[in-house]
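Summary of the model geometry
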Amino acid sequence: MQICEQALRDIIETSGPVKLVIGGPPCEDLALVNADRTGVKGPKSSLLHIIFVVLDWLTMWQPEQEVHFLVENTARMEDHKQTYIERRLAVAGG
């Protein structure tokens, strides 16, 4: 199932509030070991941005529900890319 706004709303309606989001976007665009890395704007980083959107939707639709997230990715990336991800997750997570 592809996650979209309506699918997520249906999950909340039938199962109750979503409390945890887990993801592991591919790290090829971010990892320092890849000389061709394109960063957070790379095509393989799209899942990372989907996680941001899902967290944004959940915090909008469930303002009283604390949403937790676990996002796994590479620890070895350029500092500014890691800072961007950390800040964006802090905003999305409330």
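Here, the structure is the one placed above.
A brief report on the enclosed structure follows. Note that the coordinates shown come from a computational prediction; the quantities given were computed from them, not determined experimentally.

1. A word on the packing of aromatic side chains
To describe a pair of aromatic rings, you give the distance between the ring centres and the angle between the ring planes. With the rule as written, the count across this model stands at two aromatic pairs. Relative to Tyr84, the ring of Phe52 lies with its centre 6.2 Å away and its plane at 75°, an arrangement referred to as edge-to-face. Linking Phe52 in helix α2 (residues 46–61) with Tyr84 in helix α3 (residues 79–92), this pair joins segments that are 32 residues apart in sequence. With a centroid separation of 5.6 Å and an interplanar angle of 10°, the aromatic rings of Trp57 and Trp61 are classed as stacked.

2. Quick notes on the pairing of strand β2 (residues 68–71)
Taken residue by residue, a regular strand's side chains alternate between the two faces of the sheet. Bridge analysis of strand β1 (residues 20–23) against β2 gives four bridges, and the strand direction is parallel. The residue of β2 that forms the bridge with Ile22 is Leu70.

3. Some words on the environment of Pro63
Along the polypeptide, Pro63 turns up in the loop between α2 and β2. For Pro63, a relative accessible area of 62% corresponds to the exposed category.

4. With respect to the nonpolar core
If you look at the biggest cluster of nonpolar residues, it comprises 17 residues, and the most contacted ones within it are Leu8, Val18, Val21, Leu55, Leu58, Ile85 and Leu89. Contributions of two or more residues to this core are made by α1 (5–15), α2 and α3. Looking at this core element by element, the count peaks at seven residues for α2.

Rules of the game
- Residues numbered from 1 in each chain as written.
- Predicted model: local features only at pLDDT ≥ 70, side-chain atom pairs only at ≥ 80, totals over all residues.
- Heavy atoms only, no water.
- Phe/Tyr/Trp six-rings, centres within 6.5 Å; stacked < 30°, edge-to-face > 60°.
- Helix = DSSP H or I, 4+ residues; strand = E, 2+ residues; numbered from the N terminus.
- Pairing = 2+ DSSP bridges.
- Buried < 20%, exposed > 50% of the residue type's maximum accessible area, 1.4 Å probe, protein only.
- Core = buried A, V, L, I, M, F, W, Y, C linked by side-chain atoms within 4.5 Å.

Shape is all these values report; function is a separate question.
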